[in-house]
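# Coordinates in review
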Amino acid sequence: MSKFEFVFVSKDDNFKITREQSEKFELEHNNVTFNYVANNTLSLADVYNTFIQKHRDNKDIDYLIFMHADVSLNLNELILHIENVNGKYDIIGLCGCSKISVGQSPLNWFTGSRPFLEHRWGCVTHGELGNQKTYFSCHNPDITDHEVACIDGLCFILTKNAIENSDILFDTQFSFSHYDTDFSFECVMKKHLKLGVIVRKDLQHWSVGRSILAPEFLESEKLFRTKWKL
């Protein structure tokens, strides 16, 4: 039986998947554990790297799932979907694109795929927008997983191969912006790890990414472009 660990990180103590829900889930599934990092002041890269290193050293887990605190979905269905694509991908996300233009700015997976709408994958309901649903991959509704080039940071699922057979880590110079885009680029271009997205129509997210319009995001983008010589 595969072992799963979820890690939720929040700047306060609010989590859409509550501790009560996860405690009940753990009682029903002895192969699943949850970690809550509340009132976090560290960068996501630092927090995530701590968990990766821990399991890389211990070799004790099959899937390590990093999920934003403002995300919710059916955990049972998510785990089944992950197991159904076992062996196809090294890193899995819930939204992303299979083709990206680095000429777009501000740059992330969503803006970078504006010229390639039929290369977007995933589905999300936006809690901030009155539960408006964006079905990115409605162009291929029968496809429920697909290889991608870049993943949205709302969820990263690292497989055993990525944890134990690679040295992939998040670049700590990207604290809260571009950590996901940079990680995707690191996986594909340097570590030769295969990225994929599983399409979850039950995915809910309470952030629409307005932070990409902030000056801090553009400063981070300068670092990103310098690193990758773009």
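Read on for a plain summary of the structure.

Calculation rules
- Residues numbered from 1 in each chain as written.
- Predicted model: local features only at pLDDT ≥ 70, side-chain atom pairs only at ≥ 80, totals over all residues.
- Heavy atoms only, no water.
- Helix = DSSP H or I, 4+ residues; strand = E, 2+ residues; numbered from the N terminus.
- Buried < 20%, exposed > 50% of the residue type's maximum accessible area, 1.4 Å probe, protein only.
- Phe/Tyr/Trp six-rings, centres within 6.5 Å; stacked < 30°, edge-to-face > 60°.

### Quick look at the environment of I198
Mapped onto the secondary structure, I198 falls in strand β12 (residues 195–198). Note on I198: relative accessible area 0%, which makes it buried. For the pair I198 and W121, spaced 77 residues apart in sequence, the C-alpha separation works out to 8.0 Å.

### A short note on the packing of aromatic side chains
By the definition in use, this model includes 21 aromatic pairs. Plain terms: the ring middles of F8 and Y36 are 5.2 Å apart, the flat faces sit at 45° to each other, and that makes the pair tilted. Of this pair, F8 sits in strand β1 (residues 4–9) while Y36 sits in strand β2 (residues 32–37); the two residues are 28 residues apart in sequence, bridging distant segments of the chain. The class of F8 is buried, set by a relative accessible area of 2%. An angle of 85° between the planes, with centres 5.0 Å apart, marks the rings of W109 and F136 as edge-to-face. Of the two residues, W109 is situated in helix α4 (residues 109–112) and F136 in the loop between β8 (132–135) and β9 (145–148); the sequence distance between them amounts to 27 residues.

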